[in-house]
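Notes for the structure review
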Amino acid sequence: MEKHYAVIGDPIQHSLSPWMHNAGYEALGLDAEYQRFRVEASHLAEAVKGLRALGFSGWNVTLPHKENIVSLLDTLTPQAQRAGAVNTVKIHEGQLIGHNTDGDGFVRSVEEELHGFEGKKAVLLGAGGASKGIALALAEQGMCLHILNRTPEKAKGLAQAIEREGGTASTGEFAPGDWLKDVDLLVQTTSVGLHRESFPFSLEGISKQALVVDIIFNPMETAFLKEAKKLGCRTHNGLEMLLYQGALAWEFWLGGQAPVKEMRQALKNQLFKGMFNKG
């Protein structure tokens, strides 16, 4: 019997998850289908009921629903509990189980480039749903976290959550500062740049040793990443994080090992296709 999966969010038209997952199903000969649905914040509860009623086996959750969906679920995995945010939902024995693969997916996406985490400094821009999972996973790897957010209270709340888990975290103003000089990993987790807009402040003075990551993957290079590259930093977009959080979601739903190679190729194909069509 065909299984149905999806991703919900708003906006959602930029999501490449359907191509990634459907390529994986095809590679392994699975009878499954993955779709994407735009769900406005005011309709989240209705959407969850609808997906359940339609027989979906699970779905991914993206902006702006990662935190708000928590109250609509029956139980959470330890990863989702720690993050206070959910990016993956599975229906098991009639129960809605919330999980978070953002953090572990992010760690897998940067571990080769970063050459170790212990004792290094990570600065996170933003303190929303994606940032929570990433921050907690990096703290678990032994990194010292510094969190900058437009709303200081959210940054402080995330720092306190990290410290409760035994990690080290501090907060600061959402602006340039001394942190630029000694950052090992800078992660941009907000939606700024999704529509090709400029980032609100400059990275002038950043350490050239820093690995700079923007979790946005479409466009492939945001204005934020372009500036970091001009300043001599290594840069990553969010494509590998998307791949690995998707692979971990797959494994949460279906068990076994996700076909990462085929999923990565499908993502690249779709991105290049989009660039060609615009060009």
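Read on for an overview of the structure. (Residues numbered from 1 in each chain as written. Predicted model: local features only at pLDDT ≥ 70, side-chain atom pairs only at ≥ 80, totals over all residues. Heavy atoms only, no water.)

Once that is clear, we can look at the side chain of Thr101. Here Thr101 is to be found in the loop between β6 (95–99) and α4 (102–114). The contacts of Thr101, once residues within four sequence positions are left out, are Asn87, Thr88, Gln245, Leu248 and Ala249. (Helix = DSSP H or I, 4+ residues; strand = E, 2+ residues; numbered from the N terminus. Contact = heavy atoms within 4.5 Å.)

All right, on to the sheet that holds strand β3 (residues 58–61) then. Taking strand neighbours across the sheet as the criterion, the six strands line up as β2-β1-β3-β5-β6-β4 in an open arrangement whose pairing is mixed. What marks the edges here is a single partner per strand, and that holds for β2 (32–38) and β4 (75–76). Where β4 meets β6, two bridges bridge the pair, whose relative direction is parallel. Counterpart to Leu76 in the pairing with β6 is Gly98. Sitting on the sheet, helix α1 (residues 17–28) touches β1 (3–9), β2 and β3, and the angle it makes with β2 is about 175°. (Pairing = 2+ DSSP bridges. Axes fitted to C-alpha atoms, helices over the stretch in contact; angles between N-to-C directions.)

One pass over the full model with this rule turns up 10 salt bridges. One salt bridge connects Glu67 with Lys154, and the closest N-O pair in it is separated by 3.8 Å. Taken together, the positions of Glu67 in the loop between β3 and β4 and Lys154 in helix α6 (residues 152–164) put the pair 87 residues apart, joining distant regions of the chain. The salt bridge partner of Glu113 is Arg234, with a shortest N-O separation of 3.4 Å. On the criterion of sequence distance, the pair formed by Glu113 in helix α4 and Arg234 in strand β12 (residues 234–236) is long-range, its members being 121 residues apart. Using a relative accessible area of 28% as the deciding quantity, one classes Glu113 as partly exposed. Residue Arg234 is classed as partly exposed on the basis of its relative accessible area, which comes to 30%. A single salt-bridge network, built from bridges that share partners, covers Asp10, Arg38 and Glu40. (Salt bridge = Lys/Arg side-chain N within 4 Å of Asp/Glu carboxyl O. Buried < 20%, exposed > 50% of the residue type's maximum accessible area, 1.4 Å probe, protein only.)

Cis rather than trans, the peptide bond between Asp10 and Pro11 has omega equal to 10°. The topology assignment puts Pro11 in the loop between β1 and α1. Looking along the chain, the bond that leaves Leu63 and enters Pro64 is cis, with omega of 5°. As for its position among the elements, Pro64 is in the loop between β3 and β4. Here Glu93, not a glycine, exhibits a phi torsion of approximately 50°, which is positive. Locating Glu93 in the fold gives a position in the loop between β5 (88–92) and β6. Classification of Glu93 by relative accessible area gives exposed; the value is 73%. In this structure, Arg196 takes a positive phi of about 65° despite not being glycine. For Arg196, the position within the fold is in the loop between β10 (185–188) and β11 (211–214). By relative accessible area, which is 54% here, Arg196 ends up exposed.

A word on the pairing of strand β7 (residues 121–125). Within β7, four of the five residues are buried, which leaves it mostly tucked inside the rest of the structure. For β7 and strand β8 (residues 144–148), the ladder comprises five bridges, and the chain directions are parallel. When the sheet's bridge partners are listed, Lys121 is paired in β8 with Cys144. Taken together, β7, helix α5 (residues 129–140) and β8 constitute a β-α-β crossover, and its handedness is right-handed. (Right-handed = clockwise from strand over helix to strand, strands pointing away.)

Turning to the packing of α1 against helix α8 (residues 239–254), a few remarks are in order. How two helices pack is summed up by the angle between their axes together with the distance between the axes. Axis separation between α1 and α8 bottoms out at 11 Å; the angle between their running directions is 50°. Looking at the two axes, α1 sits oblique to α8. As for the relative orientation of α1 and α8, their crossing is right-handed in sense. Residue-level inspection shows Ser17, Met20, His21, Gly24, Tyr25 and Leu28 of α1 in contact with α8, the latter providing Leu242, Leu243, Gly246, Trp250, Trp253 and Leu254. Looking at the contact of α1 with α8 residue by residue, the class counts come to eight nonpolar, four polar and no charged. (Parallel < 35°, antiparallel > 145°, perpendicular 65-115°, else oblique. Left-handed = near helix turned anticlockwise from the far one by under 90°. Nonpolar A, V, L, I, M, F, W, Y, C, P; charged D, E, K, R; others polar.)

Mapped onto the fold, Leu194 is located in the loop between β10 and β11. With 22 residues separating them along the chain, Leu194 and Ile216 place their C-alpha atoms 6.6 Å apart. The contact partners of Leu194, leaving out residues within four places of it in the chain, are Pro11, His14, Ile216, Asn218 and Pro219.

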